[in-house]
Number of protein chains: 2
Amino acid sequence: MSTENKVKLYGFGAVGQGFHSYLVDNNEEDRLHTVIVKDETKKRKPIKAILETTNPNTAQDKTMHAIVELISSAEEAYGIVYENLEIGKNVISANKKLIANHLAELVKAEKQYNGKFLYEGAVCGSIPIIRILNDLFANDPVRQVSGIFNGSSNYILSKLFNEGISYQEALQQAQDLGFAEADPTSDVGGYDALYKLIIVAAHAFGKIVKPNEVLNIGIQNISLADIEFAKKHHQKIKLIAKSSLEGNKLILSVLPTFVNSENDLFNVENEYNAVLVESDNIGQHFYKGKGAGSLPTGSVVYSDLKAIDAGYSYSYSKLDKQNIQLANEEQINVVLSAETVSNIQNIGVDISNFTPINFDGSQLLGKIALADLKRNKTLIEQKGVSVIVIEDENLINELRNASVKEAVKL
Amino acid sequence: MSTENKVKLYGFGAVGQGFHSYLVDNNEEDRLHTVIVKDETKKRKPIKAILETTNPNTAQDKTMHAIVELISSAEEAYGIVYENLEIGKNVISANKKLIANHLAELVKAEKQYNGKFLYEGAVCGSIPIIRILNDLFANDPVRQVSGIFNGSSNYILSKLFNEGISYQEALQQAQDLGFAEADPTSDVGGYDALYKLIIVAAHAFGKIVKPNEVLNIGIQNISLADIEFAKKHHQKIKLIAKSSLEGNKLILSVLPTFVNSENDLFNVENEYNAVLVESDNIGQHFYKGKGAGSLPTGSVVYSDLKAIDAGYSYSYSKLDKQNIQLANEEQINVVLSAETVSNIQNIGVDISNFTPINFDGSQLLGKIALADLKRNKTLIEQKGVSVIVIEDENLINELRNASVKEAVKL
């Protein structure tokens, strides 16, 4: 049996099954030669391909046209992806953690050994944002890419906002419905969004940064008081991954953020993801689509395979072309809040210039550097302090003025 | 001089110049061999290519790698595009009117003579919607594609809504700023949006329809009273091109439509375009970007050239695969309004089942078939009657109930 157009698939979870169903729908099921699964005795719908248990043995991969890696472990995925690129194979992956942590060496291996490495499924599910950044914005100076990159946390934030339930209740509901993992840290802690941001920034700005160099604060400390505050001021809270380039300074962060109804991200609800791109020539672009799921993500994995068939690979036209530096000293406006003011006083952050904006000072408005938040992240999480970016200058002024009036009255 | 990777460009207007600047930025200016212009003595920035006056002489085109057609006349463009496809050339066009009117024969010529024919610049400027429909949604049953496909009319509607000026004043401003043509009929009459809809439907549903089979009503009759009505009911009016497939019935229209703040199109203002796609597997996708302009449209024309270099062509995977019929008998809810009720009575439409929703009956709510509107389009335009689609069921019920109460009172 010739294996010249054959595919070997690692992992047969939701996305793997979605990918398989696209092969079936396109009369290409015969291309799927082998599927590597953890447990071959597990009950599943019958497929034509050979089922083997996990034991990454890339020797057989040599004869395959493409390797599709859709397992959950980033560590195991690294072996599969790297070893196959090293033998010049075409590799498709949707493993954002693996890619974010090893992008530079994977791109190097792709070039050196003449394979192709595509990973549209790793970022924002069905939105083909990597292809768009790589192709359409290839020659256009990009100023900013931001968005809602994690469906689980967005689902929880929608619940908090629309149903007035607590974070713990909303998380439980999301887990019951399969929108959040049993260990939700990667989603609600902003790590998943951070990995995607790292990949996006490589294509948008040509700079590969390590995840641990960038601040990510999740939604775990968002309280009902924060939600009430947002509603009172006609805002919603969204977990926003943001990258922007000013001169040669690259500013990256994943942070809960107040957005108003004029922001395209305001209407992105539940499990949807969205991306805003701003560039010099094309101007502003906005995309919204399902951020995860068997068929939405399966569709872009299948479209990666078709792209490989057609000889496509990412051009990385901006990579390392400019001397870009990560700028964590960037100051941002935030609202810090907690159950009591003493919690905020004990996170190691200098809040002497912050303005109290509620009656007992447990809610403060002020400017702080990303690096200061990053340095004190563990304490912030432990003390239950929520950090929410506030960008609306009118609202900032309104809060400051109200605070001054209050102080005069006292 | 070898012409193996050379490009011949017809037309050097805004988009042609934008395309040229992408060639320059990518060190590919040498690829531009000849530019055909109307007047070679016209003052313009110097370019390296040969400038020739218009006189479509495709004999020389035989040696070119690609022909890029960016002139305004659809009739002249037809000769250029068709004759070059007939000699097996790669052709790029942004001429929506030409493509919408001749798509079936152009696709046939492309296949028969083995050229490539790409036209991303023809639809929604910088939004790569044709590529997305052709690639990402290739194997996904699409249910609906709708959007704001014309920037000029959207700009005018934004002005009407935000500044309380009349349609004539807003049109004048748009013309002064270059957002509308001296003869604005194609834009404000919904023809430009219609051409784009025809192209979108071919890729989304695999059915090529002639523009004159589809209803398009523009924004010329939208009055300040319509805008006030929209504001009162928390709606905006947008010119929406819509295509949907129900079973094998394809429903197409371009019509002014009330949208509320839950609709992604609500926040699309000024010269921006947007597209909503709904499919079985991928779900809902939304895209927003600049709908026109030198660099936004030039960027996708350049990306078409790079796609041709890479061997890409549209797959038309859905074309003529199903027995799809155009369904103009589809009934829609509309608000008809005019200065006086007699104007509405004289458009040839049966309004006996319509409900009056203002005091003098010059504003009526009711259900009507697309075909009935299409048959009486000339009278509707002449009598100054505005036709606005209303989709919000709550608002329809609210208007009906208010009308009943009013009738009881009288």
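Residues numbered from 1 in each chain as written. Chains lettered and ligands numbered in written order. Predicted model: local features only at pLDDT ≥ 70, side-chain atom pairs only at ≥ 80, totals over all residues. Heavy atoms only, no water.

**Structural notes on the nonpolar core**
Put simply, the rule reads: Here, nonpolar core means buried Ala, Val, Leu, Ile, Met, Phe, Trp, Tyr and Cys residues that are tied together by side-chain atoms lying within 4.5 Å of each other. Under the scheme applied here, a residue whose accessible area is under 20% of the maximum for its type counts as buried, over 50% as exposed, and between as partly exposed, the area being computed with a 1.4 Å probe on protein chains only. Only heavy atoms enter the contact rule, under which two residues are in contact if any of them lie within 4.5 Å.
In this structure, A:Phe19, A:Tyr119, A:Ile129, B:Phe19, B:Tyr119 and B:Ile129 are the most contacted members of the largest nonpolar core, which totals 223 residues. The residues touching B:Phe19, leaving out its near neighbours within four places in the chain, are B:Val7, B:Leu9, B:Val68, B:Leu70, B:Gly298, B:Val301, B:Tyr302 and B:Leu305.

**Thoughts on the relation of the copies chain B and chain A**
Heads up, the condition is: Each copy is superposed on the other by least squares, with the fit set by C-alpha atoms of residues at a pLDDT of at least 70 in both.
Between chain B and chain A, the superposition needs a rotation of 180° and an axial shift of 0.0 Å, giving an RMSD of 0.0 Å. Both copies of the chain, as the preceding transformation shows, are related through a two-fold rotation axis. In terms of C-alpha distance to the rotation axis, chain B has B:Tyr287 as its closest residue, with the C-alpha 2.2 Å off the axis. Same-surface contact between copies: 100% of interface residues of chain B are shared with the interface of chain A.

**Some words on the sheet that holds strand E4 (residues 66-69) of chain B**
Residue and element names in this part refer to chain B. Threshold: Criterion used throughout: strands pair if DSSP finds at least two bridges between them. In this text, helices come from DSSP runs of H or I with a minimum length of four residues, and strands from runs of E with a minimum of two, each type numbered from the N-terminal end. Each axis is a line fitted through C-alpha atoms, taken for helices only over the stretch in contact, and angles between the N-to-C directions span 0 to 180 degrees.
Within the open sheet, the six strands sit side by side as E3-E2-E1-E4-E5-E6. Their pairing is parallel. Each edge of the open sheet carries a strand with a single partner, namely strand E3 (50-53) and strand E6 (117-118). In terms of strand pairing, strand E5 (residues 90-93) meets E6 through two bridges, oriented parallel. Bridging across to E6, Val-91 finds its partner in Phe-117. Contacts from helix H2 (residues 74-86) reach strand E1 (7-10), E4, E5 and E6 within the one sheet, and its direction differs from that of E4 by about 165°.

**Quick look at the interface of chain B and chain A**
Going by this rule: By convention, the term buried area covers the 1.4 Å-probe accessible surface removed from two parts as they join, with the contributions of both added. What makes a salt bridge here is a side-chain nitrogen of Lys or Arg within 4 Å of a carboxyl oxygen of Asp or Glu, nothing more. Distance and chemistry together define a polar contact, namely a pair of N or O atoms within 3.5 Å, with one atom able to donate a hydrogen and the other to accept it when in protein, and with adjacent residues in sequence counting only for side-chain atoms on both sides. By the convention adopted, Pro, Cys, Tyr, Trp, Phe, Met, Ile, Leu, Val and Ala count as nonpolar, Lys, Arg, Asp and Glu as charged, and the other residues, Gly among them, as polar.
Across the boundary between the two partners, chain B contributes 30 residues, which contact 30 residues of chain A. Overall, the association of chain B and chain A removes approximately 2,600 Å² of surface from exposure, summing both partners, and the carbon and sulfur fraction of that is 49%. A salt bridge links B:Asp264 to A:Lys288; the nearest nitrogen and oxygen atoms lie 2.9 Å apart. At the boundary of chain B and chain A, one finds twelve residue pairs in polar contact (both at pLDDT 80 or more). At the level of elements, strand E12 (283-290) and helix H10 (294-309) of chain B are the ones that each hand at least two residues to the side of chain B that touches chain A. It is E12(B) that contributes the most residues to the side of chain B that touches chain A, eight residues altogether. Here the side of chain B that touches chain A is composed, by residue class, of 14 nonpolar, twelve polar and four charged. Where strand E12 (residues 283-290) of chain A and E12(B) come together, three bridges link them in antiparallel fashion. By the bridge assignment for E12(B), A:Lys288 is matched with B:Phe286.

**A look at the pairing of strand E17 (residues 386-390) of chain B**
Residues and elements named next belong to chain B. Burial of E17 is extensive: five of the five residues sit out of reach of the surface. Across the two faces of E17 the burial is the same, with Ser-386, Ile-388 and Ile-390 and Val-387 and Val-389 all buried. Two elements, strand E10 (residues 249-260) and E17, share two bridges in a ladder whose sense is parallel. Paired with Phe-258 across the strands is Ile-390, a residue of E17. Relative to E17, strand E14 (residues 331-337) runs antiparallel, the two sharing four bridges. For Ser-337, the partnering residue across the bridge sits in E17 and is Ser-386.

**A closer look at the pattern of salt bridges**
Residue and element names in this part refer to chain A. According to the stated counting rule, one finds 32 salt bridges over all chains in the structure shown. In this structure, Lys-238 and Glu-269 form a salt bridge, with 3.4 Å as the shortest nitrogen-oxygen distance. In this pair, Lys-238 sits in strand E9 (residues 235-246) while Glu-269 sits in the loop between strand E10 (249-260) and strand E11 (272-279), placing the two residues 31 residues apart along the sequence. Assessed through its relative accessible area of 19%, Glu-269 is described here as buried. A salt bridge links Lys-242 to Glu-391; its shortest N-O distance comes to 2.9 Å. Placement of the pair is Lys-242 in strand E9 and Glu-391 in the loop between strand E17 (386-390) and helix H14 (393-409), with a sequence separation of 149 residues. For Lys-242, a relative accessible area of 24% corresponds to the partly exposed category. Classification of Glu-391 as partly exposed rests on a relative accessible area of 38%. Within the structure, one salt-bridge network assembled from shared partners comprises Glu-28, Arg-31, Lys-306 and Asp-309.

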